[in-house]
2 protein chains.
Amino acid sequence: MKRRTGRRPGAGDTRGEILTAARQVFAEKGFDKATIRGIARAAAVDPALVHHYFETKEGLFVAAMRLPIDPAQVVPLVLEGPREEVGERLVRFILTVTSDAQAREPVLALLRSAMTNEQVLGMIREFITNALLYKVADGLGVSHLRMEAAFGQLIGVVLARYVLALEPLASADLEELVELLAPTVQRYLTP
Amino acid sequence: MKRRTGRRPGAGDTRGEILTAARQVFAEKGFDKATIRGIARAAAVDPALVHHYFETKEGLFVAAMRLPIDPAQVVPLVLEGPREEVGERLVRFILTVTSDAQAREPVLALLRSAMTNEQVLGMIREFITNALLYKVADGLGVSHLRMEAAFGQLIGVVLARYVLALEPLASADLEELVELLAPTVQRYLTP
């Protein structure tokens with residue numbers, strides 16, 4: 001148990017200190033109400049330094065929770081490219097990212113604690129909707145409900161494939177799954 | 001802490017004793033390897049009595065886990081009725097059952113413990129596939145993979161609606177959701 005003693009002079013692991021502070025502040029305040037300024041204060045560093053390392057609050061959240069999916073990458077990925085392939089693009093992206101056990105573990109850990117901890121739940125609910133789903137939906141011009149139906153399909157398949165490990169889904173070829181699931185997501189994301 | 005002292009004479013809560021024994025045996029052996037005979041032995045009752053109360057191993061599992069969904073009801077429900085409405089029928093059934101918080105809670109409790117306990121996980125994996133999904137899939141003549149894609153959609157929406165409570169999905173009208181989701185499930189369940 002290392003005691004934190006306010007502002008630390010010199011280098012040290014400033015980035016790590018910011019991440020620790022971010023985890024505390026996000027858990028306490030939720031994603032929406034947490035600010036870069038507040039997290040900088042908790043880490044006893046200048047807000048400019050937080051911006052320097054993580055650019056945005058979304059980027060800081062992703063790093064703090066070790067998430068494999070950064071809205072700064074996934075939102076453009078979904079919005080750019082042919083509109084008639086958006087379903088395929090999104091399904092392939094999610095299945096590819098989650099096929100890596102190391103990338104998957106922090107997501108499942110967060111889901112686990114959300115299921116037993118109301119504070120964690122509120123935090124990831126705000127992140128999923130405001131930082132991720134609503135941005136994609138608004139960019140595509142589809143309703144938030146349709147976006148959440150697509151999210152339901154994707155998270156349900158990830159859960160069935162990697163947590164419940166239902167066969168034959170758990171061993172199914174990625175491309176076979178893309179073919180099966182892409183039309184569903186395409187339909188939801190077509191206004 | 002009541003100690004169990006072998007065969008109990010007379011009435012008592014025999015049904016409750018069987019359920020307690022069933023929870024132990026299912027957790028130890030999984031769903032597939034547990035038998036009515038073994039559970040009767042653990043409860044120190046005659047197997048005929050277990051059959052009398054619960055009819056089948058599936059029925060006993062459902063009662064022991066307090067599940068709102070009994071394969072003996074849901075499998076016929078999906079298989080009977082117009083084939084071109086199977087998606088709508090299944091979506092409406094799942095959304096109706098899970099709209100009752102009391103019915104939902106044991107399912108979520110089981111999912112929670114499956115996410116942290118490998119034994120519980122194995123047990124519900126066997127139940128979901130062998131007692132539920134494969135039966136429906138075989139009855140409809142669709143592949144197990146397509147059935148699990150449909151399951152992924154349904155469990156994902158239940159998770160997003162009731163656990164994560166994402167808005168607007170959490171407050172969406174049941175009929176609006178049926179309209180949105182039924183074509184997806186219909187497509188998966190059409191060979």
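Quick notes on the rules
- Residues numbered from 1 in each chain as written.
- Chains lettered and ligands numbered in written order.
- Predicted model: local features only at pLDDT ≥ 70, side-chain atom pairs only at ≥ 80, totals over all residues.
- Heavy atoms only, no water.
- Contact = heavy atoms within 4.5 Å.
- Salt bridge = Lys/Arg side-chain N within 4 Å of Asp/Glu carboxyl O.
- Helix = DSSP H or I, 4+ residues; strand = E, 2+ residues; numbered from the N terminus.
- Nonpolar A, V, L, I, M, F, W, Y, C, P; charged D, E, K, R; others polar.
- Axes fitted to C-alpha atoms, helices over the stretch in contact; angles between N-to-C directions.
- Parallel < 35°, antiparallel > 145°, perpendicular 65-115°, else oblique.
- Left-handed = near helix turned anticlockwise from the far one by under 90°.
- UniProt positions renumbered as here; feature names shortened; annotations may be inferred.
- pLDDT = per-residue confidence, 0-100.
- Domains from an automatic or database assignment.
- Buried area = accessible area lost by both parts, 1.4 Å probe.
- Polar contact = N/O pair within 3.5 Å; in protein donor to acceptor, adjacent residues only side chain to side chain.

S.K.: Can you help me understand the interface of chain A and chain B in this one?
M.R.: Size of an interface: often given as the accessible area lost when the parts come together. Each partner contributes residues to the interface: chain A has 41 residues there, and chain B has 41 residues. For the pair chain A and chain B, the number of links is 0 salt bridges. Counting only elements with at least two residues in the side of chain A that touches chain B, the list comes to helix 7 (101-114), helix 8 (118-140), helix 9 (144-163) and helix 10 (174-188) of chain A. By residue class, the composition of the side of chain A that touches chain B is 27 nonpolar, 7 polar and 7 charged.

S.K.: Got a minute to help me understand the packing of helix 5 (residues 71-79) of chain A against helix 8 of chain A in this structure?
M.R.: Each pair of packed helices can be summarised by the angle the axes make with each other and by the distance between the axes. All names here are of chain A. It is the contact of helix 5 with helix 8, at a shortest axis distance of 9 Å, that shows an interaxial angle of 20°. It follows from the interaxial angle that helix 5 and helix 8 lie roughly parallel. Two packed elements cross with a definite hand, and for helix 5 against helix 8 that hand is right-handed. Residues Pro71, Val74, Val75, Val78 and Leu79 of helix 5 form the contact with helix 8, whose participating residues are Phe127, Ala131, Leu132, Lys135, Val136, Gly139 and Leu140. Broken down by class, the residue content of the contact of helix 5 with helix 8 amounts to 10 nonpolar, 1 polar and 1 charged.

S.K.: Which parts of the structure should I look at to understand the UniProt feature "DNA-binding region" (unreviewed entry) in chain A?
M.R.: Mapped onto this numbering, the UniProt entry annotates "DNA-binding region" (unreviewed entry) at residues 35-54 of chain A. Helix makes up 80% of residues 35-54 of chain A and strand 0%. Its end C-alpha atoms lie 13 Å apart.

S.K.: How should the confidence of the model for chain A be read in this particular structure?
M.R.: Close reading of the predicted structure is inappropriate where its pLDDT is low. Mean pLDDT over chain A works out to 91, with 94% of the residues at or above the 70 mark. For residues 1-10 of chain A, every residue scores under 50 in pLDDT, and the model assigns this stretch 8 contacts once sequence neighbours within four places are set aside.

S.K.: What am I meant to see in the domain arrangement of chain A here?
M.R.: Residue and element names in this part refer to chain A. Looking at the assigned domains, one finds that chain A contains domain 1 (14-64) and domain 2 (71-188). For domain 1 and domain 2, the distance between their C-alpha centres works out to 25 Å. Taken together, the contact between domain 1 and domain 2 spans 9 residues of the former and 8 residues of the latter. Carbon and sulfur atoms make up 67% of the surface buried where domain 1 meets domain 2, a total of about 830 Å² over both sides. Ranking the residues of domain 1 by area buried against domain 2 places Phe31, Asp32 and Phe61 at the top, with a combined share of 51%. Linking domain 1 with domain 2 are 1 salt bridge, by the criterion used here. Between Glu58 and Lys135 there is a salt bridge; the shortest N-O distance is 3.5 Å. Linking domain 1 with domain 2 are 4 residue pairs in polar contact (both at pLDDT 80 or more), by the criterion used here.

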